[in-house]
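# Structural description and commentary
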Amino acid sequence: GAEPCLLALETLRTEVRTSSPAALPIKPHDLRLPSGDRGVSLAFLAAIGLFYERHGGVSLAMGDICKGEGEHVTVCALTLSTGLSLAESVAHVAERDGLLLARGAVSRARGFFSYSWTGTALVDMLAAIEDVVRPLEALSVGGGERHVWVDMFCASQNLLAGVYRSPSVTKESDPAGYLARKEDTDRIFDDALEAVSEVYFYCSPLVGEWDAPPHPFLSPQRDAKGAPAQPWVRRGAAAITRAWCLFELSVALGKKCKLHVALSRADCKAFGEMLSNEFDQIAGIVAAIDARDAQISKVDRGYILGRIEALAPGAADAEAEGLSHVTARVSEALRGWLVASAREELARLAPAERATSKLLNSVGGVLFDQGDYHGAEPLLREALAGRRERLGDRHPDTLESISNLGGLLDEKGDLEGAEALAREAVQAKREALGDRHPETLAALNNLAGLLFCSKGDLDGAEALYREALEGQQETLGGRQRCFARRWRRGRETLGD
């Protein structure tokens, strides 16, 4: 249970009051627990929750839990008597005071929890980890316990904050003394990521907007164009905007760690509804991930960029190639999670609800945009069939499905199938909206483009382009003249 760990935490709190802070960490780096062995159990995390409920701060953001001001006891304060990470400090107290049941609370990490200090409350983080890890433990053969690496608890926050640094101890004058006064950043994250086989990526809030902190971009080229405007409103999960999180996730995925997306309990409760009603918004947020625009402190930027450049050895612009690599890897993984989650939600829907679900069409659209035509086609066909049956052939949603499936068939090279749907769309919109409605004219353009580009039917395309030109010339002017020029060039190319 959590009680032995809670007792160790209370002991550390007492020592803050009764003992002088350690002048240096009580153990040198070579005698400390290896970083990968500092994973914490759910019992440890439960004790953290109980401790902060008792002493205040459980609802605070993680940055304030680390070293914020107020009545609560910060992680930095709790570890002043040891200079180690909180995990190591609890293990040290357990060993020293004979708290046998607390010893197993710190062990080899199996999962790595990646999250943003900005905007993540301790209470939400603890619940998200439990909600991901508890079912995984239950599924393990023999109920295998999982230990999780969380930077707040597994790295020495005092060493990282420079508490022990001295102007008189420099890398040049006293290399050993200098290293003893800083966290072993050369190995701490590598060792942790090498130990784990799972990564838990905290992706709340899934939607919504929030003010970003005044931190620079990861890419110096982006930063050179000016710091982010303040206030800078960002959307979606804070973790996808933080350079450390994108780097951690990219490295974990690169070593084939299993991705588990962690959500706040509020997001978990509303997840099904969010998928059904806001899938396109979530997909848009994932599609907009860009490592160049991730934010980071200037202190850490050089380290992260150096690691990212190593992902593209020999490239003419290793930084740009590395950032592109991180963006693509993270985006692909989160898109895969989103589509898999949506498929699970679709499987739970009753047939009548599934038949006309926006989610069915949206998932097919995302797969289509990814170039996964094999995965997209059955979903788009199912969406069209369901809408025809439930809504009728002329309903706007049915016409949307006709257009979507027609576009996919065109891309696949099924020109006959694509043309049939494009002609149906034109006829349906003529009947429902009239010959001069913008949607009818757009359908004419689509059909003309199909005939012109995919089939080389210039005569068939000409009549449709002319009709569209007449109908849209006033509102679209130059754009429509571009269609006409495109048609003329096609005829010249074919010698007509």
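Up top is the structure.
What you see is a predicted model, and the numbers here were worked out from it, not measured in a lab. (Residues numbered from 1 in each chain as written. Predicted model: local features only at pLDDT ≥ 70, side-chain atom pairs only at ≥ 80, totals over all residues. Heavy atoms only, no water.)

Right, let's talk about the overall build of the protein chain for a bit. When helices and strands are counted, the protein chain shows 24 helices and eight strands. Taken across its 496 residues, the protein chain has 51% of its residues classed as buried. Taking contacts inside the protein chain between residues at least 6 apart in sequence as the whole, the part at least 24 apart equals 74%. Summing over all exposed atoms, the protein chain offers an accessible surface of approximately 22,900 Å²; the carbon and sulfur share of this is 51%. With 57 positive and 71 negative side-chain charges, the protein chain shows a separation of 2 Å between the mean positions of the two kinds. (Helix = DSSP H or I, 4+ residues; strand = E, 2+ residues; numbered from the N terminus. Buried < 20%, exposed > 50% of the residue type's maximum accessible area, 1.4 Å probe, protein only. Contact = heavy atoms within 4.5 Å. Areas by Shrake-Rupley, 256 points an atom, 1.4 Å probe, with all protein chains shown as cover. Lys, Arg positive; Asp, Glu negative; His and termini not counted. Charge placed at Lys NZ, Arg CZ, Asp CG, Glu CD.)

This brings us to the side chain of Thr-398. One can find Thr-398 in helix H20 (residues 396-412). Dropping the residues within four chain positions of it, Thr-398 is found in contact with Leu-384, Arg-387, Arg-388, Leu-391, Gly-392 and Asp-393.

Right, let's talk about the packing of helix H1 (residues 3-18) against helix H5 (residues 86-97) for a bit. Where H1 contacts H5, the axes come no closer than 9 Å and their chain directions differ by 95 degrees. For the element pair H1 / H5, the angle class is roughly perpendicular. Of the residues in H5, those in contact with Ala-8, Leu-9, Thr-11, Leu-12 and Glu-15 of H1 are Leu-86, Ser-89, Val-90, Val-93, Arg-96 and Asp-97. Across the contact of H1 with H5, the residue classes tally to six nonpolar, two polar and three charged. (Axes fitted to C-alpha atoms, helices over the stretch in contact; angles between N-to-C directions. Parallel < 35°, antiparallel > 145°, perpendicular 65-115°, else oblique. Nonpolar A, V, L, I, M, F, W, Y, C, P; charged D, E, K, R; others polar.)

The next subject is the packing of aromatic side chains. Taken as a whole and assessed by the stated rule, the structure comprises 12 aromatic pairs. With a centroid separation of 5.2 Å and 10 degrees between ring planes, the pair formed by Phe-112 and Trp-149 is classed as stacked. Remark: Trp-149 occurs in strand E4 (residues 148-149) and Phe-112 occurs in strand E3 (residues 111-114); sequence separation between them is 37 residues. Counting every residue linked through ring pairs, the aromatic cluster contains Phe-112, Trp-149, Phe-189, Trp-244, Phe-247 and Tyr-303. (Phe/Tyr/Trp six-rings, centres within 6.5 Å; stacked < 30°, edge-to-face > 60°.)

So, on to the environment of Ala-350. Position of Ala-350 relative to the elements: it lies in the loop between helix H16 (318-348) and helix H17 (351-355). For the pair Ala-350 and Trp-149, spaced 201 residues apart in the sequence, the C-alpha separation amounts to 40 Å.

In this section: the pattern of salt bridges. Once their charged atoms are close, side chains differing in charge can pair, the charge on each being opposite to the other. Summed over all chains, the structure comprises 29 salt bridges. A salt bridge links Asp-290 to Arg-222; the shortest N-O distance between them is 3.4 Å. Here Arg-222 lies in helix H12 (residues 220-224) and Asp-290 lies in the loop between helix H14 (265-287) and helix H15 (298-309), a separation of 68 residues in the sequence. Residue class for Asp-290 comes out buried when judged on its relative accessible area of 17%. The partner of Lys-412 in a salt bridge is Glu-377, and the shortest N-O contact between them spans 2.4 Å. With Lys-412 in helix H20 and Glu-377 in helix H19 (residues 373-391), this pair connects stretches of sequence that are 35 residues apart. According to the relative accessible area criterion, Glu-377 is buried, its value standing at 14%. (Salt bridge = Lys/Arg side-chain N within 4 Å of Asp/Glu carboxyl O.)

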